[in-house]
Amino acid sequence: MNDGNDGIILFGVESSYAADVLESMHRAGIALAASVITGELEWDLEGVASPFTEQVPASFVGAKCLVPWLTPGWRMQRVDRALGSGLRLAEPLVDSTAIIPRMLVIAEGSYINAGAVIGAQCRLANCVMVGRNASIGHHSVLEEFSSIGPGVTIASKVTVGRGAMVGAGASVAPDVTIGANSVIASGTSVFRDLPDNVLAVGNPARIAKTGIKGLHGTGV
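Residues numbered from 1 in each chain as written. Predicted model: local features only at pLDDT ≥ 70, side-chain atom pairs only at ≥ 80, totals over all residues. Heavy atoms only, no water.

K.L.:
What is the right way to read the overall build of the protein chain from this model?
P.N.:
When you go through the protein chain residue by residue, the secondary structure sums to two helices and 23 strands. For the protein chain, the C-alpha radius of gyration of 17 Å lies close to 17 Å, the compact-globule estimate for 220 residues. Counting only C-alpha atoms, the protein chain reaches 50 × 35 × 25 Å along its principal axes. For the protein chain, the residues scored as buried account for 50% of the 220 residues in total. Looking at the protein chain as shown, the accessible area adds up to about 9,400 Å², and 52% of this sits on carbon and sulfur atoms. (Helix = DSSP H or I, 4+ residues; strand = E, 2+ residues; numbered from the N terminus. Rg over C-alpha atoms; globule rule 2.2 N^0.38 Å. Buried < 20%, exposed > 50% of the residue type's maximum accessible area, 1.4 Å probe, protein only. Areas by Shrake-Rupley, 256 points an atom, 1.4 Å probe, with all protein chains shown as cover.)

Shown next as structure tokens:
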């Protein structure tokens, strides 16, 4: 069994978001142990040598992995496949340029990208993704598989539900709850609670569609 000290496996390296994860790993001095292609390539895999295609060799059973997919449902699908292949989730990866508080709870498989700022007493569940230059206010909760796009501003005491996606440049006012699998479009300003499975757009946010299954039609 791999003891997990030989770096991190990227499971789903075909995602273009993997390029940012690789840069964060490099800045943190974490080696790329291996990479696994699970679908159609989104980028040229520059700097990624000899990736495997889905089947994880027995020598890597027990190794740590991250799934570098921003779409929550697709990330969950690949996490399930990775765990089913005998891998385990890596400790959270936090870019060295991010600012995080002493009082932060962050679970396995999560990733905080470059330039993000996280307020005190925040809690990030399993497999959360926080994009470049996002700002998360104090006492906020990001539930499992939620994704925060680049440049998002989330005020204090906000809850982002399981599998929800907050798009690039959106803003969320204090004490707001965003429901599970809901999608906040890029640039949207949210001032009130939103239920599960809705698409919200505009400033102020309005519900443009209900009954959605998450970003790209894949819920968690």
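Resuming the write-up.
K.L.:
Which parts of the structure should I look at to understand the sheet that holds strand 19 (residues 177-178)?
P.N.:
Two orientations exist for strands paired in a sheet by backbone hydrogen bonds: parallel and antiparallel. Taken in spatial order, the five strands make up an open sheet running 7-10-13-16-19, and their pairing is parallel. Of all strands in the sheet, those bounded by a partner on one side alone are strand 7 (104-106) and strand 19. Relative to strand 19, strand 16 (residues 159-160) runs parallel, the two being bridged by two bridges. Note on strand 19: the bridge partner recorded for Thr159 is Thr177. (Pairing = 2+ DSSP bridges.)

K.L.:
Could you clarify how one ought to interpret the nonpolar core in this entry?
P.N.:
For soluble globular proteins, nonpolar side chains are generally found buried alongside one another. Judged by nonpolar contacts, the single largest core of 30 residues is most densely connected at Val130, Ile148, Val160 and Val166. Mapped onto this core, the elements with two or more residues apiece are strand 10 (122-124) and strand 22 (198-201). Once you skip the residues sitting within four places of it in the chain, Val166 turns out to touch Ser147, Ile148, Gly149, Val152, Val160, Val172, Ile178 and Ile184. (Core = buried A, V, L, I, M, F, W, Y, C linked by side-chain atoms within 4.5 Å. Contact = heavy atoms within 4.5 Å.)

K.L.:
Is there a simple way to explain helix 1 (residues 18-28) in this structure?
P.N.:
Every α-helical turn comprises 3.6 residues, leaving residues that sit three or four positions apart pointing alike. Of the positions making up helix 1, those classed as buried are Ala18, Val21, Leu22, Ser24 and Met25. Angular distribution of buried residues about the axis of helix 1 spans 160°; they occupy a single face of the element. Tucked into the core, helix 1 has its buried residues touching strand 1 (8-11), strand 2 (32-37), strand 4 (64-66), strand 6 (93-94) and strand 8 (111-112). Once helix 1 finishes, Gly29 follows within two positions and takes phi at roughly 75°, a positive value. (Arc of directions from axis to C-beta.)

K.L.:
How do you make sense of the sheet that holds strand 9 (residues 117-118) when you look at a structure like this?
P.N.:
Across the sheet, which stays open at both edges, the five strands sit in the order 9-12-15-18-21 with parallel pairing between neighbours. Only two strands of the sheet have a single partner each, and these edge strands are strand 9 and strand 21 (189-190).

K.L.:
Looking at this model, I keep getting lost on the pairing of strand 22. Mind explaining?
P.N.:
Look at any regular strand and the pattern is simple: side chains alternate between the two faces of the sheet. Bridge count between strand 20 (residues 183-184) and strand 22: two bridges; the pairing is parallel. Residue Ile184 lies in a different strand from strand 22, and its bridge partner there is Ala200. Hairpin connection between strand 22 and strand 23 (residues 206-210): a loop of four residues separates the two successive antiparallel strands, and Gly202 in this loop has a positive phi of roughly 95°.

K.L.:
Would you mind showing me how to read the environment of Ala200 here?
P.N.:
Summarising the element assignment, Ala200 is placed in strand 22. Sequence spacing of Ala200 and Asn126 is 74 residues, and the spatial spacing of their C-alpha atoms is 24 Å. Those residues in contact with Ala200, other than ones at most four positions away along the chain, are Val183, Ile184, Ala185, Thr188, Leu194, Ala205, Arg206 and Ile207.

K.L.:
Mind showing me how you'd approach unusual backbone geometry here?
P.N.:
The phi torsion of most residues other than glycine is negative, and most of the peptide bonds are trans. Looking along the chain, the bond that leaves Asn203 and enters Pro204 is cis, with omega of 0°. Within the secondary structure, Pro204 sits in the loop between strand 22 and strand 23. Notably, Asn133 is not glycine yet its phi reads approximately 60°, a positive angle. Along the chain, Asn133 turns up in the loop between strand 11 (129-130) and strand 12 (135-136).

K.L.:
Whenever I open this one, the pattern of salt bridges confuses me. Can you help?
P.N.:
Applying the stated criterion to the full structure yields five salt bridges. Across the pair Arg78 and Glu14 runs a salt bridge, and its minimum N-O distance is 3.3 Å. Linking Arg78 in helix 2 (residues 72-84) with Glu14 in the loop between strand 1 and helix 1, this pair joins segments that are 64 residues apart in sequence. Of the residues examined, Arg78 reaches a relative accessible area of 9% and is grouped as buried. A relative accessible area of 0% means that Glu14 is categorised as buried. (Salt bridge = Lys/Arg side-chain N within 4 Å of Asp/Glu carboxyl O.)

Function-wise, these values are silent; they only describe arrangement.
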